[in-house]
Amino acid sequence: MIEQLRGLYDDGRTLVDAEIGFQKARLAAAGRQIRTMALLAIVGLILIGCALIALVVGTMIALIPVLGAWGAMAATVAGSLVLAALCFWLAAGRIGKLGALFASEPETPEEIATSQGPTHER
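Calculation notes
Residues numbered from 1 in each chain as written. Predicted model: local features only at pLDDT ≥ 70, side-chain atom pairs only at ≥ 80, totals over all residues. Heavy atoms only, no water. Helix = DSSP H or I, 4+ residues; strand = E, 2+ residues; numbered from the N terminus. Buried < 20%, exposed > 50% of the residue type's maximum accessible area, 1.4 Å probe, protein only. Areas by Shrake-Rupley, 256 points an atom, 1.4 Å probe, with all protein chains shown as cover. Expected span 1.5 Å × (residues − 1). Bend = angle between axes of the 7 residues up to and from the residue. Polar contact = N/O pair within 3.5 Å; in protein donor to acceptor, adjacent residues only side chain to side chain. Contact = heavy atoms within 4.5 Å.

Draft legend 1. Inspection of the overall build of the chain at higher detail. A count of helices and strands for the chain gives 2 helices and 0 strands. Residue burial in the chain is summarised as follows: out of 122 residues, 2% are buried. With an accessible surface of roughly 10,700 Å², the chain has 73% of that area assigned to carbon and sulfur atoms.

See the structure below:
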């Protein structure tokens with residue numbers, strides 16, 4: 001009986017060691033995939049930035065015959081600033097919506113409907 005219990009313990013210990021080894025290998029493989037995904041995402045973001053710079057420069061070059069060099073530069077800068085302001089304005093609106101999500105719980109069904117917007121039904 002003692003031998004069987006020792007054998008059972010040894011088998012259990014072997015199983016636990018094998019499972020730990022498997023989980024370590026799986027975690028290492030997942031880490032490699034995450035590192036690769038992060039690197040690809042960073043390269044993608046850099047390429048998007050380069051494309052946006054090329055768009056601004058190309059727009060300025062295309063506007064030079066119409067507006068002149070200074071006018072093309074002013075129009076390109078003004079357009080970029082308007083787009084940036086629009087993005088910041090939209091982001092600020094989202095911050096307000098985020099704050100409303102964490103506000104106190106609405107009490108009436110009308111407040112629930114207005115906090116969820118017109119597309120959600122309860």
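From this point, things continue past the structure.
Draft legend 2. Structural view of helix α1 (residues 2-101). For α1, which comprises 100 residues, the first-to-last C-alpha distance of 62 Å sits more than 12% below the rise-based estimate of 148 Å (1.5 Å per residue). Considering bend angle alone, the principal kink of α1 is centred on L67 and spans about 125 degrees.

Draft legend 3. Layout of the side chain of T76. Within the element layout of this structure, T76 appears in helix α1. Among the polar contacts made by the side chain of T76, one reaches the main-chain carbonyl oxygen of A72 at a distance of 2.7 Å. Excluding anything up to four places from it in sequence, T76 contacts V56, T59, M60 and L63.

Draft legend 4. Just the environment of L67, in detail. With respect to the helices, strands and loops of the structure, L67 is situated in helix α1. Beyond its immediate stretch of four places on either side in the chain, L67 contacts A72 and A75.

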